[in-house]
Number of protein chains: 2
Amino acid sequence: MILINGRVTSEIEVADRGLHYGDGLFETIAVCKERAVLYAAHLRRLEEGCRRLAIAVPKREVLDKEVANLCQGISQGVLKIIVTRGSGGRGYRPPPQPQPTRILSMHPWPDYPAVSSEYGITLRICRTPLGHNPYLAGIKHLNRLEQVLARSEWDDPMIPEGVMLDSQGYVIGGTMSNLFIVREGNLQTPDLISCGVAGVMRGFILEQALPLDLKVTEYSLTLADLKSAEEVFVCNSLMGLWPVRRFEETQYPLGPVTQRLRQRIHSQLSWGC
Amino acid sequence: MILINGRVTSEIEVADRGLHYGDGLFETIAVCKERAVLYAAHLRRLEEGCRRLAIAVPKREVLDKEVANLCQGISQGVLKIIVTRGSGGRGYRPPPQPQPTRILSMHPWPDYPAVSSEYGITLRICRTPLGHNPYLAGIKHLNRLEQVLARSEWDDPMIPEGVMLDSQGYVIGGTMSNLFIVREGNLQTPDLISCGVAGVMRGFILEQALPLDLKVTEYSLTLADLKSAEEVFVCNSLMGLWPVRRFEETQYPLGPVTQRLRQRIHSQLSWGC
């Protein structure tokens, strides 16, 4: 089912600025036993994105009702919420009183193999870089051509994710995930000041680090840091946490920090339903 | 009138990747006396964009017919062509055999005051930067949040355009235009290797420089270069060429090179119908 501004339909106005300029935001949310997982954190990021782009935040009670409606009877699925600035005339300048468009849709759970989560994955490097723009960094806006091009670089079904660097060569994350490394038993992850998406699962992991007595550093992570890491993992709201076992020529163990975090995430979120 | 894949309608499928990721391209074309101005050059850029994003190029004879259909009876207007990768499932990875979406729409001619073209305009500086990505530079793709944010920075109707810098501080162009400066009687314009849109009017001006015996240099233009220029102008497919008379605290004359170029463009393109 798809709800557009509360109406069941599968078509939007062609004048929508989401189409013309990518002028909007989205959230991709795991649904488990009719429940939107980490829903409050997703809404917080959506609200932050709306604030940064000066798009009116959808009313909470309206969203809650529509989300509950879509999640009804769904044992496992993916809820996508898109909010655009709405329709407008031609030209980059936003119209004076835009009426945002709210699109909620339910999608099948992705058929990720269990081995990715349990044993780990192989990562490759992407050549498409991420451009710097602090005004867009962190939020999950609809300008995603960099990720589309990066994800088009390979077809190998045995490689589920690729590492993206920024235009200065620093590691930012995966095409659809955030990345952490373990060094001296503690967590390190790229800062997202200039580009990248501040994933909701990344935020949850940062919160879980404290009760697990792990220190976390956010900084400018280099390829050398990634290659010399003790452990590596990627995360997002659907995969949870995937250990990385190989990146190009470098191999990593299925390490203790990654295992502890993965167990904690899965127990906290009743992952996998 | 709006034609979507040849059908008269004003709605598109919500699953279109143009909406989800800005996964597509567009062209904005002046229409004068039922004729799409610089049509061949617009199609060349659209084709180049399709090639760079690996989107199938719309068939020329289909486009020609649809464009002629829309331009019929239009004495002055704006034709917009959007080509997206088409509908797909969730996820950045393009579907294996996407069917591109082709959207043609006719819009009113913008009510630019004649004084902008004849006397010139005031430019301001934008704080929203343009991120570097050589894979996206030059083409007119649908990821336009940087321009939307930049154009949202001011409301003053007396200032029709703003200057955008890249993330390293170099001048790239206007929010909706390309920029040229005159130095020692010759033309200089930012190169668009790392970001920016290679405007069709910019390309036309580069071509016209030769018969006017003007040398052109494309390079990394600084704010100091802009401020110390003899003449400055901006251009796009709808405005043609607007002399710049003021940028922040700097004033410029209505200079001879700008005047010659403007006259040539207007006579070559029967501008203003």
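Not measured: the values here are computed from a predicted model.

**Overview of the sheet that holds strand S1 (residues 2-4) of chain B**
Residue and element names in this part refer to chain B.
Working step 1: Overall, antiparallel pairing links the 6 strands, which are arranged S2-S1-S7-S6-S4-S5 in an open sheet. Of all the strands in the sheet, just strand S2 (7-8) and strand S5 (35-36) have a single pairing partner and so form its edges.
Working step 2: One ladder, built from 8 bridges, connects strand S6 (residues 76-84) with strand S7 (residues 101-108); its direction is antiparallel. Bridge pairing links Ile82 to Ile103 in S7.
Working step 3: Contacting strand S4 (24-32), S5 and S6, helix H2 (residues 39-53) runs over the sheet at an angle of about 180° to S4.
Working step 4: In the packing of helix H3 (residues 60-71) onto the sheet, the strands contacted are S1, S4, S5, S6 and S7, and the crossing angle to S7 comes to about 25°.

**Quick notes on the environment of A:Glu231**
Residues and elements named next belong to chain A.
Working step 1: By the secondary structure assignment, Glu231 is in strand S14 (residues 231-236).
Working step 2: When the C-alpha atoms of Glu231 and Arg183 are compared, they prove to be 7.4 Å apart, with 48 residues separating the residues in sequence.
Working step 3: Excluding residues within four positions of it along the chain, Glu231 makes contact with Phe180, Ile181, Val182, Gly255, Pro256, Val257 and Thr258.
Working step 4: Looking at Glu231, its side chain comes within polar contact range of the side chain of Thr258, at 2.6 Å.

**Here's the deal with the interface of chain B and chain A**
Working step 1: The partner chain A presents 61 residues to the 60 residues of chain B that form the contact.
Working step 2: Taking both sides of the interface into account, the surface hidden between chain B and chain A amounts to around 4900 Å²; carbon and sulfur atoms contribute 63%.
Working step 3: The largest per-residue losses of area from chain B upon contact with chain A belong to B:Arg90, B:Tyr92 and B:Leu145, which jointly make up 17% of the total buried on that side.
Working step 4: Inspection of the chain B/chain A interface yields 2 salt bridges.
Working step 5: The partner of A:Arg93 in a salt bridge is B:Asp155, and the shortest N-O contact between them spans 2.9 Å.
Working step 6: Counting across the chain B and chain A interface gives 19 residue pairs in polar contact (both at pLDDT 80 or more).
Working step 7: Elements supplying a minimum of two residues to the side of chain B that touches chain A: S1, strand S3 (11-13), helix H1 (17-21), S4, H2, S6, S7 and helix H5 (145-151) of chain B.

**Section: the relation of the copies chain B and chain A**
Working step 1: The operation relating chain B to chain A is a screw motion whose rotation component is 180°, with 0.0 Å of axial translation and a residual RMSD of 0.0 Å. Taken together, the rotation and translation describe the operation of a two-fold axis.
Working step 2: A shared binding surface is used by both copies, with 100% of the interface residues of chain B retained as interface residues in chain A.

**Observations concerning the domain arrangement of chain A**
Residues and elements named next belong to chain A.
Working step 1: In terms of domain boundaries, chain A breaks down into domain 1 (2-108) and domain 2 (114-268).
Working step 2: With 22 residues of domain 1 at the contact, the number on the domain 2 side is 19 residues.
Working step 3: Together domain 1 and domain 2 conceal approximately 1500 Å² of surface at their shared face, both sides included; 69% is due to carbon and sulfur atoms.
Working step 4: A per-residue breakdown of the area domain 1 buries against domain 2 is headed by Phe26, Arg45 and Arg52, which together make up 41% of the total.
Working step 5: In this assembly, domain 1 and domain 2 are joined by 9 residue pairs in polar contact (both at pLDDT 80 or more).
Working step 6: Looking at the side of domain 1 that touches domain 2, the elements with two or more residues in it are helix H1 (17-21), strand S4 (24-32), helix H2 (39-53) and strand S6 (76-84).
Working step 7: Along the lines of polarity and charge, the residues of the side of domain 1 that touches domain 2 split into 10 nonpolar, 7 polar and 5 charged.

**Looking at the packing of aromatic side chains**
Working step 1: Tallied over the full model, the rule gives 8 aromatic pairs over all chains.
Working step 2: Aromatic pair B:Tyr112 and B:Trp242: ring centres 4.9 Å apart, planes at 85°, arrangement edge-to-face. In this pair, B:Tyr112 sits in the loop between S7 and helix H4 (114-118) while B:Trp242 sits in strand S15 (residues 240-247), placing the two residues 130 residues apart along the sequence.
Working step 3: If you follow A:Arg151 out to its NZ or CZ, it ends over the ring of A:Trp154, 4.0 Å from the centre.
Working step 4: Against the face of A:Tyr119 rests A:Arg245, its NZ or CZ located 4.4 Å from the ring centre.

Thresholds, definitions, all that
Residues numbered from 1 in each chain as written. Chains lettered and ligands numbered in written order. Predicted model: local features only at pLDDT ≥ 70, side-chain atom pairs only at ≥ 80, totals over all residues. Heavy atoms only, no water. Pairing = 2+ DSSP bridges. Helix = DSSP H or I, 4+ residues; strand = E, 2+ residues; numbered from the N terminus. Contact = heavy atoms within 4.5 Å. Axes fitted to C-alpha atoms, helices over the stretch in contact; angles between N-to-C directions. Polar contact = N/O pair within 3.5 Å; in protein donor to acceptor, adjacent residues only side chain to side chain. Buried area = accessible area lost by both parts, 1.4 Å probe. Salt bridge = Lys/Arg side-chain N within 4 Å of Asp/Glu carboxyl O. Least-squares fit on C-alpha atoms with pLDDT ≥ 70 in both. Domains from an automatic or database assignment. Nonpolar A, V, L, I, M, F, W, Y, C, P; charged D, E, K, R; others polar. Phe/Tyr/Trp six-rings, centres within 6.5 Å; stacked < 30°, edge-to-face > 60°. Lys NZ or Arg CZ within 6 Å of the ring centre and 35° of its normal.

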